[in-house]
Every structure is written in structure tokens, then in C-alpha cells.
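The residues making up each chain are set out below.
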Amino acid sequence: ATELARLATRQADDLLTPPAPVRLGDVVPAPEQVTPDPTADFLLPADAALRVSPAGRDVAEQLAGWLRPATGYPLPVTDTAEGPDGLLALTLSSASAPAATSAPGPVSATGATRATGTASAPGAAVDPGAASGGAAAGGGAGRPGGEDLGDEGYRLDVTGDGVRIVAATPAGLFHGAQTLRQLFPPAIESAAPVAERWALPGGTVLDRPRFPYRGAMLDVARHFFSVEDVLRVVDHLARYKLNHLHLHLTDDQGWRIAVDAWPRLAEVGGATEVGGGPGGWYTKADYARIVDHAARRHVTVVPEIDLPGHTNAALVAYPELAPGKVAPPPYTGTEVGFSYVDPTDERTYDFVADVIGEVAALTPGPWLHLGGDEAFKVKGATYTGFVERAQRIVAATGKTVVGWHQLAPAGHLDGRVLQWWGTNGDDPETAEAVRRGARVILSPGNRAYLDMKYAPDTPIGHDWAGLIDVRRAYDWDPGTHLTDVPADAVLGVEAPLWTESVTTADEVEFMLFPRLPALAELGWSPRSTHDWDAFRVRLAGHGPRWTTAGITFHPSPDVPWP
Ligand code: TNX
């Protein structure tokens, strides 16, 4: 009789238990496949532990780190070898690994590995030339339960008995852990313990990215941002499964990275910024901190050295690089297109080789960005000749060239990537470069530019490419945006934040949120999930998370915030 009574109370409890407040389908970016099971909600108990296979340990530690402050639970992380599955199990399954990238290690930008036959720098073993953008990256050998999770995908199961994340790689586990984080009530973002039912919605999420390259750019040249500010931006990218941070390290107003062979670049060229502020620059140790923090979050740093234009700060430091060999005055305004390094002097190519060599050595990722934009005073064959030499210098370091789409007319080089920032998708020059083998990253100025104002009254930002509120940032398709550029030539998307008018970390966040999650969804989610009406509602649920986390955002009228 007591046993019966106990069962009856338990059933009554189950009936009275409110469902988890977040629905399984509320995730941003939208997962490939969501199968809710409302009978299988899970309530995190105070004594829950995370069980993880050794290669997933770091991801489990990060997940526990996100959950401990608000829950106040200890959430110990233990090895799967030490006992049965815990309530939160993170498992790397080599059976779900893509053909060649099952080994844990630096996140690959592409998901495919092949022998290049050319000398590769350590850490550049993954050949971006093998990427097949568009389609889910990764060869796909094993398929547990018919699933090919690729090198960034994961499967998340929430049942009444616990939570399980399975992936083929630490990157996949990490993305799964970010999804799980979003399924907790928004109070999970609190830095201090909160009394809350930590309920998760039951069901299964099966998820993989649409494009292998999903990124944002931070211009640290127009205004300098501290290492701490940059690390915070990395964390924001990682929340939304973006996997590249492009750092615009050099421009007219400042040179931000130490170069041993040319020390005045940073010491002199780094001392200015837009508006006359103090500027600043990263030591190699500073830069390594950014790269390491990003790598732990499965974000690859893409350094940009902008050449041959946007170089006034370098010319101030080394007049020998300037046409006419006369140092220009330091520049703290916001015009573009007036400066360039002397393309007719061999010394310039020594400079390029030294800088590119040192920056490549700081870069575990496969990419090196050469800029190439708005070099209005270096024209025709002089421009393409300079770019072709610079491209070869990059290739000699084992890195793959990325550049703004102005690089298009220069000779093709294996694997090179053009970052398209135009505002009219009819661009025959870029389409022709693609026919010769180039791939593209899409950053349309009138869709993806995070320095554009949201509305006429936005206090900072530009409007030369138009106003971009959330709907405009969301409603386009990277796969079909450029005329005569097929989806399989699209490596991915990137949202650049130029900082002529952006001076503080709060202002960076204000310009990122909520447009960055919109771009993240374009890069990650299958096109079949694209739906503005559904997206704006899902996005709305993130407002309270940002508020709780202390993230500044633009309360866009496009979004029905709660
Ligand atoms: C154009 S986009 C630039 C930048 C400016 C930006 C301002 C591109 C490759 N070059 O130098 O900061 O416009 O929106």
C-alpha cells in the first residue's frame, strides 16, 4: 500500500511539473533537425556530474564553467573510464568521424584533408583547397545510427534520465554544448546563483553546419581594443557557432601587431587611432593569448595585414616604404584610399616577407588575409603585380591567401579566397576569379556590415551601404547572392565590424547584437529552416539571456522581445 501511495504521488508530481520554459526548437542558429519529446524533459539535479571521454574533457570543463555560476551546483567533470554514464554525458565517437579529421586538434576550416604535395607549415596540414563549401563539409566514414556528424556536427539527446552529446570531434561537442547552454532557462546566464528549476526540453537535436567558414571581423586598427575586449568578442562568436575571427590588424590609423624585424611598426605605427586617442598594439604574447583563447572555443583567428593601401601607419614608422621616401604625418581621420607602400622598391617586398613570415608563425590556422582593398593609387598592372608577389609570399609560408574581392583580377593562386563586400551581387570580376578556382566569403556591405547603422537615429555607425536592421541582416541567401557564383564556391559568411565610430567594448556589442546571431544562422543553418517570422521569435528569447549576461544590444523593433 505504501508503495502504491508512493507511485501515486510520483505520478501526481509528474502531472504538476511544468514543462521546461525553453523549447527544443528555440536554438539560434536553427539546428538541422529537431525532434522534441515533451514527455522527456530533464530536471538538472544539484548532484549532477559530467562524464566525458578524455579528448572531450576541455569542452566539458567549459560547459561546467557556464553552468556552475547560476546553478551554484558543483558539476564535477569526470572521466567516462571512472564509472557509468553520468547525467550529462559528452562522448566523442570516432564512428561518427568524417574520413580524415577524427583526431582532436585545431579546428579545421574545411573538414577535408588531403596531401598538398607542397611544403606546409605545421598547423596548416588541412588544405583549404579541398573544401567543398556549401554542402556539409566532411567525408563521412562511419555513421552511427545513420548519422554523419562531420567535423563540426553533434547529436544532442535530452531524456528524463539525462543528457547526452555525441560528436566526432571536440568542435562538434563544443557546438553541442553551446546548444545545451541555450536550452536552459535564461537565468543560466547569471553570474551569481539563482533559485530556478533547471529544466531542459526533452528530445533530440541533430545538427551540422551549412558552410565551413562562419566568421566576424573586428577592426582593431581604427580604434584599438584590448586583449580582454577581443576575448569577449570570441566568446560571443562561439555562442552562435561562428568559427572564425578575422582581425583587421593594420590600417592608416594604426599598426597593431609587433613585428620583430620592423619594431617601429608597432612602437610608432601603433601609437595613433581615429580621433587622436592613444592607440595600442599587441605583443606576440598578447596575440598568442587571443589565438589560444579562440582555439579553445574552436574559433580560428584570421590575421589581416592590409596591403598595398591602408598603410599610412607603416609609412609613418618607416618612410623608406613610402613613395618618395618621405614620412607622411600620422593619420587619425576616417578617409580611405590615399596611402600605399612603394610597389617599385624591392625593400617593400622585404617588408612584406618579414611581416607575413612573422604573422604566419603566430597563426596556427590555415588563413592569412592580405587586404587589397581601396588601393586607389596603385592601379592596373602595378596593383596586380604587387598582389601576385604578395600572394606568393603568403603561399611560401604554407598559408592560404584570403583577400578583399579587389584581389580578383590578380593571377589565381591555388585555394585563394576572395572576401566579397560589394553591395550589388552582379560582379563579373569576382565571378571570373571563381571560374579560375577562387572561393568566396560573403560579406555584402548592405547585409553583413556591422558598422552600418540600424536606423537613422543609431548613435554610431555609417550608412554608405544603407541601414541594416535585423531583418535586412537575415533575409538573404549566401548560396545564391552572387550572380554566376555557385553555392559550392561559397566557403561561408563573415560580418565585418569596422570601428571608425566604435570606441568601447559596449559599442562593439551594441553593433554585434542582434545582427551577429542573424548572420550566424545564415552560415550554419540549412536553407530549409530559413524563415524570418520564426527567426524573430527565436531571437527574441535571447534578449533576456543577453541582459542577464550583461551583453549590450540594440533592442530592434524588428524583434518581439519579451
Ligand atoms: C570600406 S570594406 C572599407 C573600410 C572602411 C569601411 C567602412 C573595405 C574592405 N574597406 O576601410 O572601414 O568601408 O564601412
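Residues numbered from 1 in each chain as written. Predicted model: local features only at pLDDT ≥ 70, side-chain atom pairs only at ≥ 80, totals over all residues. Heavy atoms only, no water.

1. Regarding the UniProt feature "active site" (unreviewed entry) in the protein
Phase 1: If you check UniProt for "active site" (unreviewed entry), the listed places come out as Glu374 in our numbering.
Phase 2: With respect to the helices and strands, Glu374 occurs in the loop between strand E15 (367–371) and helix H9 (380–396).
Phase 3: Residues contacting Glu374, with those up to four places away along its chain left out, are His310, Val336, Gly337, Gln406 and Trp421.
Phase 4: Among the polar contacts made by the side chain of Glu374, one reaches the side chain of His310 at a distance of 2.8 Å. (UniProt positions renumbered as here; feature names shortened; annotations may be inferred. Helix = DSSP H or I, 4+ residues; strand = E, 2+ residues; numbered from the N terminus. Contact = heavy atoms within 4.5 Å. Polar contact = N/O pair within 3.5 Å; in protein donor to acceptor, adjacent residues only side chain to side chain.)

2. Structural notes on the packing of helix H14 (residues 515–524) against helix H15 (residues 532–540)
Phase 1: The interhelical angle for the contact between H14 and H15, taken along N-to-C directions, is 130 degrees, at an axis separation of 11 Å. Considered as vectors, H14 and H15 are oriented oblique to each other. Read as a crossing pair, H14 and H15 show a hand that is right-handed. Residues Pro517, Ala518 and Glu521 of H14 form the contact with H15, whose own contacting residues are Phe535, Arg538 and Leu539.
Phase 2: The residue inventory of the contact of H14 with H15, partitioned by class, reads four nonpolar, no polar and two charged. (Axes fitted to C-alpha atoms, helices over the stretch in contact; angles between N-to-C directions. Parallel < 35°, antiparallel > 145°, perpendicular 65-115°, else oblique. Left-handed = near helix turned anticlockwise from the far one by under 90°. Nonpolar A, V, L, I, M, F, W, Y, C, P; charged D, E, K, R; others polar.)

3. Observations regarding the pattern of salt bridges
Phase 1: If you walk through the whole model with that rule in mind, you get 28 salt bridges.
Phase 2: Notably, a salt bridge pairs Arg23 with Asp26, separated by 3.0 Å at the nearest N-O pair.
Phase 3: Residue classification places Asp26 among the buried positions, given a relative accessible area of 18%.
Phase 4: Where Lys284 meets Asp260, a salt bridge forms, and the shortest distance between an N and an O atom there is 3.1 Å. Of this pair, Lys284 sits in helix H6 (residues 284–296) while Asp260 sits in the loop between strand E13 (254–255) and helix H5 (264–267); the two residues are 24 residues apart in sequence, bridging distant segments of the chain. (Salt bridge = Lys/Arg side-chain N within 4 Å of Asp/Glu carboxyl O. Buried < 20%, exposed > 50% of the residue type's maximum accessible area, 1.4 Å probe, protein only.)

4. Focus on the site of the ligand
Phase 1: The local shell around the ligand holds 14 residues, among which Arg222, Tyr449, Asp451, Trp464 and Glu500 are the closest.
Phase 2: A distance of 2.8 Å separates an oxygen atom of the ligand from a polar atom in the side chain of Arg222.
Phase 3: In the model, an oxygen atom of the ligand is placed 3.3 Å from a nitrogen or oxygen of the His462 side chain.
Phase 4: Calculation on the ligand without its partners gives an accessible area of 360 Å², and the protein chains cover 96% of this total.
Phase 5: Residue composition of the shell around the ligand, grouped by class: seven nonpolar, two polar and five charged. (Near = heavy atom within 4 Å. Areas by Shrake-Rupley, 256 points an atom, 1.4 Å probe, with all protein chains shown as cover.)

5. Details of the sheet that holds strand E10 (residues 213–219)
Phase 1: Around the barrel, which closes on itself, the eight strands sit in the order E10-E11-E14-E15-E16-E17-E18-E19 with parallel pairing between neighbours. Direction aside, neighbouring strands of the sheet carry axes that sit 30 degrees apart on average.
Phase 2: Of the pairings in the sheet, the one linking E15 to strand E16 (residues 400–404) comprises three bridges and is parallel in character. Across the sheet, residue His369 finds its bridge partner in E16, namely Val402. (Pairing = 2+ DSSP bridges.)

6. A short note on the packing of aromatic side chains
Phase 1: Under the criterion given, the structure shown has 22 aromatic pairs.
Phase 2: Ring centres of Tyr474 and Phe535 lie 4.2 Å apart, and the angle between their planes is 0 degrees; this geometry places the pair in the stacked category. A residue pair is termed long-range when its members are at least 10 positions apart, and Tyr474 in helix H12 (residues 470–474) and Phe535 in helix H15 qualify at 61 residues.
Phase 3: One aromatic cluster is present, formed by Tyr240, Phe513, Trp546, Phe553 and Trp561 through successive ring pairs.
Phase 4: A cation over a ring is seen here: Arg389 above Tyr349, with NZ or CZ 3.7 Å from the ring centre. (Phe/Tyr/Trp six-rings, centres within 6.5 Å; stacked < 30°, edge-to-face > 60°. Lys NZ or Arg CZ within 6 Å of the ring centre and 35° of its normal.)

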